[in-house]
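# Summary of structural features
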Amino acid sequence: MRKLSVHNLILSFALIAIALITASAIFLYPLNLVDGSTGGFLSGFYRLGASLAILFFGFYAARKVSVKQRKIYYILFLALAILAQLVFLLTFVRPVYTDTGYVTTMAARLIEGNHQWYNYFYTYPNNVNVTLWWSYLLTPFRWLGVTHYAPILPWIQMLMLDLGIIYLSRSLRLVNRVLSTIFMFIALFYIPWFMYAVFPYNDVVAIALMMGVIGSLIRLLSNESAKSKWLHGTALMLMLGIAVTIRQNSVIILIALLLTILFSKQFNFKLKSGLIILGVFFSLLGTVSFHHFQKVEGFQSKPTMVTPSVRYVNMSWNPHTAGQIDGPDSFLYSNFPKKERAKLITDELKHRIKELGVLGVPKHAIKKIAFMFSLAYSNEDMGGLQINRPLLKYEWESTPFLEFIGNLFQPIYILLLALAMLVVINVLKNRKTIDSRILNLTIFSAFSIVGIFTFHILLWEVRDRYALPMLPFLLLLAAIGMQLLFGLLKKRQETVQRVTNKFVLLSLVLLMASFLVSFSRANDRVSRDGFVYNSGFSLYTENGDELVTIPGKTTVETETFSLKSPSNNLNIDFSKLSKEQLDQLKVTLIRTDKHQSLTLNLKQSWSSYPGQYPVGDYRLKIENISTYPVKTDVLQNLKTTNLQGPNVKMNQKNVKGLNAIFSFTDHHDTTWINRYVYIFLHLIFVALLLIALAIKRRQRIN
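So, a few notes on the structure that sits alongside this text. (Residues numbered from 1 in each chain as written. Predicted model: local features only at pLDDT ≥ 70, side-chain atom pairs only at ≥ 80, totals over all residues. Heavy atoms only, no water.)

## Digging into the nonpolar core
Ranked by size, the top nonpolar core spans 160 residues in total, and within it W134, Y190, W193 and F373 carry the most contacts. It is helix α16 (residues 398-429) that provides the largest number of residues to this core, a total of 15 residues. If sequence neighbours within four positions are ignored, W193 has contacts with L161, I165, A187, I207, M211, L468, L471, P472 and L475. Counting 31 residues, the second largest nonpolar core, distinct from the first, contains L563, L585, Y613 and L658. (Core = buried A, V, L, I, M, F, W, Y, C linked by side-chain atoms within 4.5 Å. Buried < 20%, exposed > 50% of the residue type's maximum accessible area, 1.4 Å probe, protein only. Helix = DSSP H or I, 4+ residues; strand = E, 2+ residues; numbered from the N terminus. Contact = heavy atoms within 4.5 Å.)

What follows is the structure, given as structure tokens:
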């Protein structure tokens, strides 16, 4: 009874957590976003109405397709998924900056033998292991002569995701072939999580390993052989140990798995004890091994420089935000020694909790849920994302396009959550008769989802990227839930026939309400900014040590770079220079393909220079025309050939790692949402309803 009560308890908590996430996905938006980028997302009427439309269409379309046709459609779908991934990888580009910039740049430095670590890593040592991971993984490419890694990183990460999906799908065949197919369909179709393939960090690595862990758990549960059980058990704990080492918050999943094993009836005492020992052992082994690798690569931790953990907790309970990372909070009391800083931040945290009060704490928790879970689309970590031709002509269209994708997949996200809830409810009701593998997978998923949810909502800072570890479990539960739902609907066809028209009408009413409620806003004027080109990022933790001084009578010039989309703003920051220093510099933008040049009129406090910069090839030239040296934030030395922007020469001589920081953007005033897109987003789901009704009518006639 004790084990059953633990199962009931965690399943109940999971049901509450998923229900809260679902409610936020239907009704809420991330709050307190400075850039207001949620403006193009449609209301709860649309989200709920479209979800119902997809559900009805999916049910009747699945009934119409024969077994032979399903195989054909499945092959066509796989081909379409591969094509979509290729288009994505060839057209989507996200420049690296902050965390991703430091990790990829330092990994390249290590590959080239530079073991001088940035201050950033002493402040945030949690990113050292992932830097080592990428340096080891990319070293073979260095042997092949590749020195610019940015173009290949998305392909590597997409491959990781695909391998994880394939392995988990193949493992699910041991449970049910239909379930395996459904999971493959959902996982490859759910585009929002593929967005992170262009985010070179540790998230994709971790979730790919999570799918490997779940797949090996299925194989362990499906095998009768003790040898096979130990083999798959060792494999899953090894993968989880690697995940914990590279992405530390994966320890939540480790705890979830250990608790699942501990309270499961399907493991004998010997296997249960052995797996728990292996889980702890591989996690410790990974930590100790990478600590050794850190020393080998020249990293020695400086405890006094490490950011206190309470800083993240304090940020999460900032009454003036939604619990996300905040600039002033990030550097709060940063001029104090670590121990004193931790104490001051702790006092600030206590003050904030007191300020929020009994009613304010749950309200703030709702804001955190909304920020982290309300949108299917990644709304926070895709700043600077570029979508190149032929997909889009202008970069300012990138944000509206991503909001279109977000609106298209938001109803699917809601359905996935609803299906996951259905599975949890079914397991709660039928725990004694359900397949033991489905039971254990659901319990593992429940522990993981509750762990991720409570850790961030009650303790840590939030960002939508932190919800990624939940996705493999959500997609798994959704696949189980879809098979369960269609089975239930087939058994109750008379009831389904009786209520179908009512739900179709409800869906139409909701879609119509959405159309009418927001239609008046369609012509509201908003500003959009697209990133056309980005040459580098500022190393904000290095105290200026990376900056390069331009000697007197010296010319610094980039190699040729291309603008693939027109721009109307050049961003280059000379604002910290005095007027006298500005007078020493002559900055010229040269368009090489048209033999034209533009000399910038440098002014104090200016960091951007509006103008018309058409598609073409350019070079940037900075001349110090005086005899006195000038040090500027524009020029830095990364000490690696792996540059995001063009190579830079000083007096016609190559300087390894020399990098000029500038970017081109495209500012455009447009409408809140394109009216044709707005109409399309509603009509497509109305069309799905009509198609479903037509299929239903034909089935009744036949």
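## Observations concerning the side chain of E112
Secondary-structure assignment places E112 in the loop between α4 (98-111) and α5 (119-123). In this structure the side chain of E112 is engaged in a polar contact, spanning 3.2 Å, whose partner is the side chain of T640. Excluding anything up to four places from it in sequence, E112 contacts R142, K639, T640, T641, N642 and K656. (Polar contact = N/O pair within 3.5 Å; in protein donor to acceptor, adjacent residues only side chain to side chain.)

## Describing a positive patch on the surface
Taken together, the side chains of K71, R170, R173 and R177 define a basic patch exposed on the protein surface. One can find R170 in helix α7 (residues 153-172). (Patch = residues over 30% accessible without salt bridge, like charges linked within 9 Å, V, L, I, M, F, W, Y side chains within 5 Å. Areas by Shrake-Rupley, 256 points an atom, 1.4 Å probe, with all protein chains shown as cover. Salt bridge = Lys/Arg side-chain N within 4 Å of Asp/Glu carboxyl O. Lys, Arg positive; Asp, Glu negative; His and termini not counted. Charge placed at Lys NZ, Arg CZ, Asp CG, Glu CD.)

## Regarding the side chain of T131
Along the chain, T131 falls in helix α6 (residues 128-143). A distance of 2.7 Å separates a polar side-chain atom of T131 from the backbone oxygen of N127. The contacts of T131, once residues within four sequence positions are left out, are V103, M106, A107, L110, W117 and F121.

## Structural notes on the packing of aromatic side chains
Under the definition given, this model contains 45 aromatic pairs. Where F404 meets F680, the ring centres are 6.0 Å apart and the plane angle is 40°; that geometry is what we call tilted. Within this pair, whereas F404 is found in helix α16, its partner F680 is found in helix α21 (residues 675-701), the two being separated by 276 residues in sequence. Grouping aromatic residues by their ring pairs yields a cluster made of Y102, W117, Y118, Y120, F121, Y122, Y124, F299, F537 and Y540. The lysine or arginine in question, R94, covers the ring of Y97, its NZ or CZ lying 4.4 Å from the ring centre. (Phe/Tyr/Trp six-rings, centres within 6.5 Å; stacked < 30°, edge-to-face > 60°. Lys NZ or Arg CZ within 6 Å of the ring centre and 35° of its normal.)

## Considerations on α16
Along its 32 residues, α16 runs 46 Å from first to last C-alpha, staying within 8% of the 46 Å computed at 1.5 Å per residue. At F409, α16 shows its strongest bend, of approximately 35°, with the proline P411 following within four residues. When you tally the buried positions in α16, you get 23 out of 32 residues, the bulk of the element. (Expected span 1.5 Å × (residues − 1). Bend = angle between axes of the 7 residues up to and from the residue.)

## Some points on the pattern of salt bridges
Pairing is possible between side chains of opposite charge, provided their charged atoms come close. Inspection of the entire model under this criterion finds 15 salt bridges. In this structure, the salt-bridge partner of R247 is D203, at a minimum N-O distance of 3.3 Å. Of this pair, R247 sits in the loop between α10 (226-246) and α11 (251-262) while D203 sits in helix α9 (residues 203-222), and the two are 44 residues apart along the sequence. Since its relative accessible area comes to 4%, D203 is described here as buried. Across the pair D203 and R465 runs a salt bridge whose closest N-O atoms are separated by 3.0 Å. One end of the pair, D203, is in helix α9; the other, R465, is in the loop between α17 (436-458) and α18 (471-491), and 262 residues separate them in sequence. Neither residue differs from the other here; D203 and R465 are each classed as buried. Taken together, the shared-partner salt bridges in this structure form one network comprising D203, R247, D381, R463 and R465.

## With respect to the sheet that holds strand β15 (residues 658-660)
Pairing between the strands of a sheet is mediated by backbone hydrogen bonds and can be parallel or antiparallel. Strand order across the open sheet formed by three strands is β4-β12-β15, with antiparallel pairing between neighbours. With partners counted over all chains shown, the strands left at the sheet margins are β4 (547-550) and β15, one partner each. Adjacent strand axes in the sheet meet at a mean angle of 60° when their direction is disregarded. In this sheet, β15 lies alongside strand β12 (residues 630-637) in antiparallel orientation, the contact comprising three bridges. Across the sheet, the residue bridging to Q636 is N659, located in β15. (Pairing = 2+ DSSP bridges. Axes fitted to C-alpha atoms, helices over the stretch in contact; angles between N-to-C directions.)

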